[in-house]
Amino acid sequence: MVLRQLCQEHPKNAAYPKFLGMASGLVGNTKEAINLFRAAIELNSKETEAWWHLALASEGEIEDSELALMLEVSKKKLNPSEEVQILFAIAETLIHRNDSTTAWHYLAKANSIKATMLPFNAVPYARALNSIQKIKNISTNAAQPLSEATENVVPIFIIGLPRSGSSYLQSLLGRFANVQCHGESMALHEALKLFENDLWTCQTLRKQYQPEILNKIRGHYLSNLKQNSGFAVDKQPYNFFYIDLILQCFPQSRILHIHREPMAACFGLFRRLFYSGQEYSYCLRRIGFFYETYRRTMDHFTEHFGDKIYHISLQDLLTKTHETENRLASFCGLSEKREAGLSLEHSFASDTMSIYQLNKKKKLSDLAVWKEYEPFLNELKCRINSMPKIPWPSK
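Reading guide: rules and limits
Residues numbered from 1 in each chain as written. Predicted model: local features only at pLDDT ≥ 70, side-chain atom pairs only at ≥ 80, totals over all residues. Heavy atoms only, no water. Salt bridge = Lys/Arg side-chain N within 4 Å of Asp/Glu carboxyl O. Helix = DSSP H or I, 4+ residues; strand = E, 2+ residues; numbered from the N terminus. Buried < 20%, exposed > 50% of the residue type's maximum accessible area, 1.4 Å probe, protein only. Pairing = 2+ DSSP bridges. Axes fitted to C-alpha atoms, helices over the stretch in contact; angles between N-to-C directions. pLDDT = per-residue confidence, 0-100. Contact = heavy atoms within 4.5 Å. Parallel < 35°, antiparallel > 145°, perpendicular 65-115°, else oblique. Left-handed = near helix turned anticlockwise from the far one by under 90°. Nonpolar A, V, L, I, M, F, W, Y, C, P; charged D, E, K, R; others polar. Phe/Tyr/Trp six-rings, centres within 6.5 Å; stacked < 30°, edge-to-face > 60°. Lys NZ or Arg CZ within 6 Å of the ring centre and 35° of its normal.

By the definition in use, this model includes 19 salt bridges. In this structure, Glu92 and Arg272 form a salt bridge, with 3.8 Å as the shortest nitrogen-oxygen distance. Here the residue Glu92 occupies a position in helix α6 (residues 80–96), and Arg272 occupies one in the loop between α14 (262–271) and α15 (284–305), the gap between them amounting to 180 residues. The salt bridge involving Glu374 is made with Lys381; its shortest N-O contact spans 2.2 Å. What makes Glu374 partly exposed here is its relative accessible area of 23%. For Lys381, a relative accessible area of 25% puts it in the partly exposed group. Each of Lys18, Glu47 and Glu49 takes part in one network of salt bridges that share partners.

Looking at where His259 falls in the secondary structure, it is placed in strand β4 (residues 254–259). Note on His259: relative accessible area 15%, which makes it buried.

Spatially, five strands are ordered β2-β3-β1-β4-β5 in an open sheet, and the strand pairing comes out parallel. Strands with a single pairing partner mark the edges of an open sheet, and in this sheet they are β2 (179–181) and β5 (309–313). On average, adjacent strands in this sheet sit at an angle of 25 degrees to one another, irrespective of strand direction. With five bridges connecting them, β4 and β5 associate as parallel partners. Considered in β5, the bridge of Leu256 is made with Tyr310.

On to the pairing of β5, then. A large share of β5 lies buried, amounting to five of its five residues. The alternating pattern of β5 places Ile309, His311 and Ser313 and Tyr310 and Ile312 on opposite faces, both of which are buried.

Moving on to the confidence of the model for the protein. The predicted model of the protein averages 88 in pLDDT, with 89% of residues at 70 or higher. Scored below 50 in pLDDT, residues 341–352 makes 27 contacts in the model with residues more than four places away or belonging to other chains.

Contact pair helix α4 (residues 48–57) / helix α5 (residues 64–74): the axes reach a minimum separation of 12 Å and the direction vectors enclose 140 degrees. One element, α4, and the other, α5, form an angle in the oblique class. As for how α4 packs across α5, the hand of that crossing is left-handed. For the pair α4 and α5, the contacting residues are Thr48, Trp51 and Leu54 in the first and Glu66, Leu69, Met70 and Val73 in the second. Split by residue class, the contact of α4 with α5 holds five nonpolar, one polar and one charged.

Before going further, it helps to examine the packing of aromatic side chains. Enumeration according to the criterion identifies 23 aromatic pairs in this entry. Between Phe88 and Tyr282, the aromatic rings sit 6.5 Å apart at their centres with planes inclined by 75 degrees, giving edge-to-face as the arrangement. With Phe88 in helix α6 and Tyr282 in the loop between α14 and α15, the pair connects residues that are 194 residues apart, well separated along the chain. You'll find Phe88 and Tyr282 in the same group, each marked buried. Taken together, the ring pairs in this structure connect Phe120, Tyr125, Trp200, Tyr238, Phe240, Phe241, Tyr280, Phe289, Phe290, Tyr291, Tyr294 and Trp392 into an aromatic cluster. Directly above the ring of Phe19 sits Lys18, whose terminal nitrogen or CZ lies 4.5 Å from the centroid. Taking NZ or CZ as reference, Lys114 lies 5.8 Å from the ring centre of Tyr282, over its face.

Here it is as C-alpha cells:
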C-alpha cells in the first residue's frame, strides 16, 4: 500500500500514519488504526485530527496522560478546525468516563465554534417539506422495465435520521448472500439532478412523473452502481426526501426506515463531528428544526405509501435481533447468509465515522447516554415533545 510505503520513507511525518490509520479503520482494522493514530500523535501532539479519530476508534479508552496532553493541546494556538477537532476528542473521552458536566462544557464549545463555521439556512428544508406535503396517493408503477440486465438488480434504500443505526443495519444486510453494499451512495442524487434543477422541491419531476424521465433516472442510477445482479444496498439516510421518486423509478425496490428514540438520535448528532455538511447538527435549535422536518416528511410518506416502507426500530434490532432480522429478510426477499466468519472488510466498506462502532459490540446502554445530558437539552426536548406522537407501524 502506498501509505505504508510513505510511512517508511517519511518516518517523522505525522500525517502519513494518521491517514493510514483512517484507511485501516475504514476496512475494520480498528486495533491497527488506534496504534497508528497514537504513532501520529507521538510525532506531533498537535495532530488534532488524529486525536479526534483516536477518541472515536478507542471509544474513549484514553490514558490519563493522553487526556492531559489533549487538554494541553487545546490551550495552544490552533485554527478553528483544529480547535473543533481537539474539543470533540476531549468531549468524547469524557463522555466515556461518565463526566457529563465537564464533557458538556467541551461538547457545547466545540459545537458553538463549528456552528459559526457552517451557517445554516432553514428555508430550503421548509420548501422541501412543503413540496412533499402536496404529494398524495400516486401510482408507483410509472417506470417501465429497462432491460433484463438492470432488472436483475434490486435496490434496498436505507433511510432515516443520521446517527439512528443505518450503518449497523447495513452491516446486517451485508451478511446475506447476493447483497452488495454501496455505503452512503450519491448515485440517486446524481441521477436526479440530471433531470431536476431544484432538488429541494423536485417540482419538475413531481409535476407529472413522466415514465420516460423516470426510466432514464433509473438507468443512470443503476449504471452508477456498477452492479449487474442481486441486491444493492444504498445507505444514504437523506434519501427519505425522495421516497415518492424512489417508488416511481424503482417499483421493485425495498425501502427500510431505521429510527431510534428521538432524543437519543438528536444527541447523537450533536455529539458527532462530521467530515462535511450536516450544518444543522451543531446547534440544538437547528437539530430540533431538522428533526421536525424529518418527522413530518416520514409521517406524510407513511400515510400515503405505508405498505411500501419497512420501519425498523434500532432498539428492536438490538434486543430482538434474530426475530427482527428474519422479518427484515422476508420483506427484502433475502435468503442465504454468507459463510460464517466473513469479515467486515469483505461484507462492505463504510465511509462514515460509524465504522469504528461497528467493530465493537453494541450495547443497549449506548442508547441511553443522552439521559446523562438531559439537563442541558431542555429546549430540544420541549420541541420534540410538542410534535404529534404517531407511532410508525412495524411489520
